[in-house]
Amino acid sequence: MSKCFIKKIDIPIYFGYLVIIVAEDYKDVPKKYSIEFKDGYSAYCLFKSINSIAHNVIILNKISNSIIAHEASHIASGILMHAGVNADFDNDEPYDYMIG
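These numbers were taken from a predicted model, which means no experiment stands behind them.

A. Layout of helix α2 (residues 65-82). Between its first and last C-alpha atoms α2 spans 26 Å; for 18 residues at 1.5 Å apiece the expected length is 26 Å, and the two agree. Looking at α2, one finds that the buried residues are Ile67, Glu71, Ile75, Ala76, Gly78, Ile79 and Leu80. Gly84 lies just past α2 and shows a positive phi near 80°.

Here it is as structure tokens:
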């Protein structure tokens, strides 16, 4: 079994939490975390909602800034959709805040 780094972060304002998992081998992740990971993906976002929303990101150890930015965008969108925030290109501060 590969090594995994797990970090849980509370999400201010919109509630819930983000779980970031960095794994050496994605094939070990489903067994331990009950997450289905598709072959060929460098990273994966999974959204679950039980009472408060949990946003999970799995990122493999061979990653780039581009992959991190891509997954951060998915997570920000998911958090804001769950909170009922509509996309507004004239005021993208809520989205930009979540990316940060």
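B. Representation of the pairing of strand β1 (residues 4-10). Looking at chain direction, β1 and strand β2 (residues 17-23) are connected through seven bridges and run antiparallel. Paired with Cys4 across the bridge in β2 is Ala23. The hairpin formed by β1 and β2 contains six residues between the paired strands, and Ile13 there has a positive phi angle of roughly 70°.

C. Structural detail: the environment of Leu18. Summarising the element assignment, Leu18 is placed in strand β2. When the C-alpha atoms of Leu18 and Ile75 are compared, they prove to be 8.5 Å apart, with 57 residues separating the residues in sequence.

D. Representation of a negative patch on the surface within the structure. A contiguous patch of negative charge on the surface is contributed by Asp88, Asp90, Asp92, Glu93 and Asp96. Within the fold, Asp96 resides in helix α3 (residues 93-99).

E. Spotlight on unusual backbone geometry. For Ile13, which is not glycine, the phi torsion reads 70° and is therefore positive. Structurally, the position occupied by Ile13 is in the loop between β1 and β2.

F. Representation of the environment of His70 within the structure. Here His70 lies in helix α2. As for His70 and Ala43, which are separated by 27 residues in sequence, their C-alpha atoms are 9.2 Å apart.

Reading the values: rules and limits
Residues numbered from 1 in each chain as written. Predicted model: local features only at pLDDT ≥ 70, side-chain atom pairs only at ≥ 80, totals over all residues. Heavy atoms only, no water. Helix = DSSP H or I, 4+ residues; strand = E, 2+ residues; numbered from the N terminus. Expected span 1.5 Å × (residues − 1). Buried < 20%, exposed > 50% of the residue type's maximum accessible area, 1.4 Å probe, protein only. Pairing = 2+ DSSP bridges. Patch = residues over 30% accessible without salt bridge, like charges linked within 9 Å, V, L, I, M, F, W, Y side chains within 5 Å. Areas by Shrake-Rupley, 256 points an atom, 1.4 Å probe, with all protein chains shown as cover. Salt bridge = Lys/Arg side-chain N within 4 Å of Asp/Glu carboxyl O. Lys, Arg positive; Asp, Glu negative; His and termini not counted. Charge placed at Lys NZ, Arg CZ, Asp CG, Glu CD.

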